[in-house]
Amino acid sequence: MAAVLALGACANPDTGTQSASSNSGTRTKGTPIARDPYPSTYRVFPGQPTLVTNVTILDGEGGRIDNGSILFADGKIVEVAQSIAAPDGATVIDGQGKWLTPGVIDVHSHLGNYPSPGVAAHSDGNEATNPVTAEVWAEHSVWPQDPGFARALANGGVTTLQILPGSANLFGGRSVTLKNVYGRTVQAMKFPGAPYGMKMACGENPKRVYGGKGRMPSTRMGNMAVNRATWAKAAEYRTKWVKYEEDGGTAPARDLQMETLRGVLDGDILVHNHCYRADEMALVMDMAKEFGYKVTAFHHAVEAYKIADLLKANGTCAAVWADWWGFKMESYDAITENLAILEKEGACGLIHSDDANGIQRLNQEIAKVVAAATRSGINISKEQAWRWAAITPAKALGIDDVTGSLRAGKMADIVLWNGDPFSVYTRPDRVWVDGALLFDANNPRLRPVSDFELGQPGEGDVK
């Protein structure tokens, strides 16, 4: 998301802003608030031109090439084809018996906010002090040294992930999309140009947390009432700021909660809504229409299969598990064919983890869905299914123009698997992020280890 810079009072040919002194007949516009005060400082790690040949390629968009080749250099994919001549100086890897895919993208993670070791001192994902905390930003809790980032890269081939606040609150705060690289600061991990997300939650969590404190909301109707009142306030806040930015005058008072919600209403911030039951998802989509915003994706969504047509009509995705269910009432009516039915009905579906261990095996989660689909008579090919971890989550994060598939010009975020990734026996052989080799199973020096882990038992976790 491009930063919106504060405008000065003097003439600015790039923005069209003029001072009153430069043209007495022109009204001075108000100064907008900077939209990205914590910009990405991510820099691509050094890489070298690489050609992988004789490999089974799943391109992340539903395509497959057997015995294919891929060339990448300068951080970008150069060519994907049946056969590619090796340029001078390129590293050539024979992929015989191996598979190659785009890097796995997880839209629902709490790594860094609930890092390992999992102790109270590290519990920074839920600001459970108010049902509306849209003013908090997940990135301000992310601990870059969380060993879970390396586990996700080395064991799961995860190259991009969205870090969300927890689901205690109706409005949990802003999410952040990260490149899965180690950095001293979270800004060094921030995916350049990725829009912010905003975490919402419906159902049992908010009503349990705040009902347990003897305050509103304590029911699902209370959830909706607080949501609607908050959106009404946000719409009013947006109107005041738009008027000021267009006409000038005295700037309205800043409200950090409302700034995030205004970003949603402006279409700059994407809504990711924790929600399980079909009836609640339908209500939330109606609420979005009432206040003029869009739900980008429902997360968990165990009953998405019941409203595949509504999700499709609203252009809303469902990020789901393969088979987690039954741990509370709203997760009870789950079926293993959930994601397969969404696919069959033409709705947007994708896989996600919400778990520091599950993120290391999203390839196996996809395999479980394909197996469940086959048993129920729904035929889904492997190349079709891999979209659930590649281009579809990239779209849900607003970054599909630069990553999520193996196309020339896109980021070289790539995983070479040591076998069929739909097998429980398969693991990443090599992982590249922007063309830089960050993990090599055959090279102990290329297993990323957090500074925090150095000297600790199990350093690097080579299980």
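Since we're looking at a predicted model, the values are computed, not measured.

### Considering the overall build of the protein chain
Here's step 1: Within the protein chain, the secondary structure is distributed over 10 helices and 16 strands.
Here's step 2: Considered along the principal axes of its C-alpha atoms, the protein chain spans approximately 70 × 55 × 45 Å.
Here's step 3: Residue burial in the protein chain is summarised as follows: out of 463 residues, 55% are buried.
Here's step 4: In the structure as shown, the protein chain presents an accessible area of about 19,200 Å², 51% of it carried by carbon and sulfur atoms.
Here's step 5: Each charge class in the protein chain was averaged separately, 45 positive and 51 negative side chains, and the resulting centres sit 3 Å apart.

### Here's the deal with helix 4 (residues 256-265)
Here's step 1: With nine of 10 residues buried, helix 4 is to be regarded as a mostly interior element.
Here's step 2: Among the residues making up helix 4, those that are buried are Gln257, Met258, Glu259, Thr260, Leu261, Arg262, Gly263, Val264 and Leu265.
Here's step 3: Looking at the packing, one finds that the buried side of helix 4 touches strand 8 (171-179), strand 9 (197-201), helix 3 (220-247), strand 10 (270-275) and helix 5 (278-291).
Here's step 4: A distance of 3.0 Å separates the backbone nitrogen of Gln257 from a side-chain oxygen at the start of helix 4, and that oxygen is part of Asp255.
Here's step 5: Two residues or fewer after helix 4 comes Gly267, characterised by a positive phi angle close to 85°.

### Here's the deal with the side chain of Glu330
Here's step 1: Structurally, the position occupied by Glu330 is in the loop between strand 12 (317-320) and helix 7 (338-344).
Here's step 2: The residues contacting Glu330, other than those within four sequence positions of it, are Gly203, Glu204, Asn205, Arg220, His274, Tyr276, Arg277, Glu280 and Val302.

### Quick look at the packing of helix 3 against helix 5
Here's step 1: Between helix 3 and helix 5, the least distance of the axes is 11 Å, while the angle of their chain directions is 20°. As summarised for this structure, helix 3 and helix 5 are arranged roughly parallel, according to the angle between their axes. Note that helix 3 runs across helix 5; the crossing there is right-handed. Together, Arg220, Met224, Asn227, Arg228, Trp231 and Ala232 of helix 3 and Glu280, Leu283, Met287, Glu290 and Phe291 of helix 5 make up the contact between the two elements.

### Some thoughts on the nonpolar core
Here's step 1: With 86 residues, the main nonpolar core has Phe171, Leu178, Met198, Trp231, Tyr293, Phe298 and Ile366 as its most contacted residues.
Here's step 2: Tallying contributions element by element places helix 5 first for this core, with seven residues.
Here's step 3: In contact with Phe171, not counting residues within four places along its chain, are Pro131, Val132, Thr133, Ala134, Met198, Lys199, Met200, Asn227, Thr230, Trp231 and Leu261.

### Brief notes about the side chain of His274
Here's step 1: Residue position: His274 is located in strand 10.
Here's step 2: Using a relative accessible area of 2% as the deciding quantity, one classes His274 as buried.
Here's step 3: Discounting residues that sit within four places of it in the chain, His274 has contacts with Ser167, Lys199, Met200, Ala201, Cys202, Asn205, His299, His300, Lys328 and Glu330.

### Examining the sheet that holds strand 8
Here's step 1: One open sheet accounts for eight strands, arranged 6-7-8-9-10-11-12-13; its pairing is mixed. Sheet topology places strand 6 (104-109) and strand 13 (349-351) at the edges, where each strand pairs with a single neighbour. Recorded for the sheet is a direction-independent mean angle of 25° between the axes of neighbouring strands.
Here's step 2: Alignment of strand 7 (residues 158-163) against strand 8, held across four bridges, turns out to be antiparallel.

### Side note on the pattern of salt bridges
Here's step 1: Here the structure, examined in full by the defined rule, presents 34 salt bridges.
Here's step 2: With its nearest N and O atoms 2.6 Å apart, the salt bridge here joins Asp333 to Lys306. Placement of the pair is Asp333 in the loop between strand 12 and helix 7 and Lys306 in the loop between strand 11 (295-300) and helix 6 (308-314), with a sequence separation of 27 residues.
Here's step 3: According to the relative accessible area criterion, Lys306 is partly exposed, its value standing at 40%.
Here's step 4: Across the pair Lys382 and Asp420 runs a salt bridge whose closest N-O atoms are separated by 2.4 Å. Taken together, the positions of Lys382 in helix 9 (residues 382-385) and Asp420 in the loop between strand 14 (414-417) and strand 15 (428-433) put the pair 38 residues apart, joining distant regions of the chain.

### Regarding the state of the cysteines
Here's step 1: This model, assessed by the stated rule, comprises two disulfides.
Here's step 2: There is a disulfide in this structure between Cys202 and Cys275, and the S-S distance comes to 2.0 Å. Separated by 73 residues along the polypeptide, Cys202 in the loop between strand 9 and helix 2 (204-211) and Cys275 in strand 10 bring together distant segments of the chain. The two residues Cys202 and Cys275 agree in class, both being buried.
Here's step 3: Two residues share a disulfide in this structure: Cys317 and Cys348, whose sulfurs sit 2.0 Å from each other. Every disulfide takes its handedness from the sign of the S-S torsion; for Cys317 and Cys348 that torsion is 80°, giving right-handed.

### Some points on the confidence of the model for the protein chain
Here's step 1: Averaged over the protein chain, the pLDDT score is 93; the fraction of residues at 70 or greater is 94%.
Here's step 2: Note on residues 1-25: pLDDT is under 50 here. Beyond four places in sequence and across chains, it has 34 contacts.

### Considering the packing of aromatic side chains
Here's step 1: One pass over the structure, following the stated rule, counts 16 aromatic pairs.
Here's step 2: Ring centres of Trp143 and Phe452 lie 4.9 Å apart, and the angle between their planes is 80°; this geometry places the pair in the edge-to-face category. A residue pair is termed long-range when its members are at least 10 positions apart, and Trp143 in the loop between strand 6 and helix 1 (148-156) and Phe452 in the segment after strand 16 (436-440) qualify at 309 residues.
Here's step 3: Since its relative accessible area comes to 33%, Phe452 is described here as partly exposed.
Here's step 4: Seen in terms of ring centroids, Trp386 and Phe422 are 5.8 Å apart; in terms of plane orientation they differ by 65°. Their pairing is edge-to-face. Of this pair, Trp386 sits in the loop between helix 9 and helix 10 (391-396) while Phe422 sits in the loop between strand 14 and strand 15, placing them 36 residues apart in sequence.

Reading the values: the criteria
- Residues numbered from 1 in each chain as written.
- Predicted model: local features only at pLDDT ≥ 70, side-chain atom pairs only at ≥ 80, totals over all residues.
- Heavy atoms only, no water.
- Helix = DSSP H or I, 4+ residues; strand = E, 2+ residues; numbered from the N terminus.
- Buried < 20%, exposed > 50% of the residue type's maximum accessible area, 1.4 Å probe, protein only.
- Areas by Shrake-Rupley, 256 points an atom, 1.4 Å probe, with all protein chains shown as cover.
- Lys, Arg positive; Asp, Glu negative; His and termini not counted.
- Charge placed at Lys NZ, Arg CZ, Asp CG, Glu CD.
- Contact = heavy atoms within 4.5 Å.
- Polar contact = N/O pair within 3.5 Å; in protein donor to acceptor, adjacent residues only side chain to side chain.
- Axes fitted to C-alpha atoms, helices over the stretch in contact; angles between N-to-C directions.
- Parallel < 35°, antiparallel > 145°, perpendicular 65-115°, else oblique.
- Left-handed = near helix turned anticlockwise from the far one by under 90°.
- Core = buried A, V, L, I, M, F, W, Y, C linked by side-chain atoms within 4.5 Å.
- Pairing = 2+ DSSP bridges.
- Salt bridge = Lys/Arg side-chain N within 4 Å of Asp/Glu carboxyl O.
- Disulfide = S-S within 2.5 Å.
- pLDDT = per-residue confidence, 0-100.
- Phe/Tyr/Trp six-rings, centres within 6.5 Å; stacked < 30°, edge-to-face > 60°.

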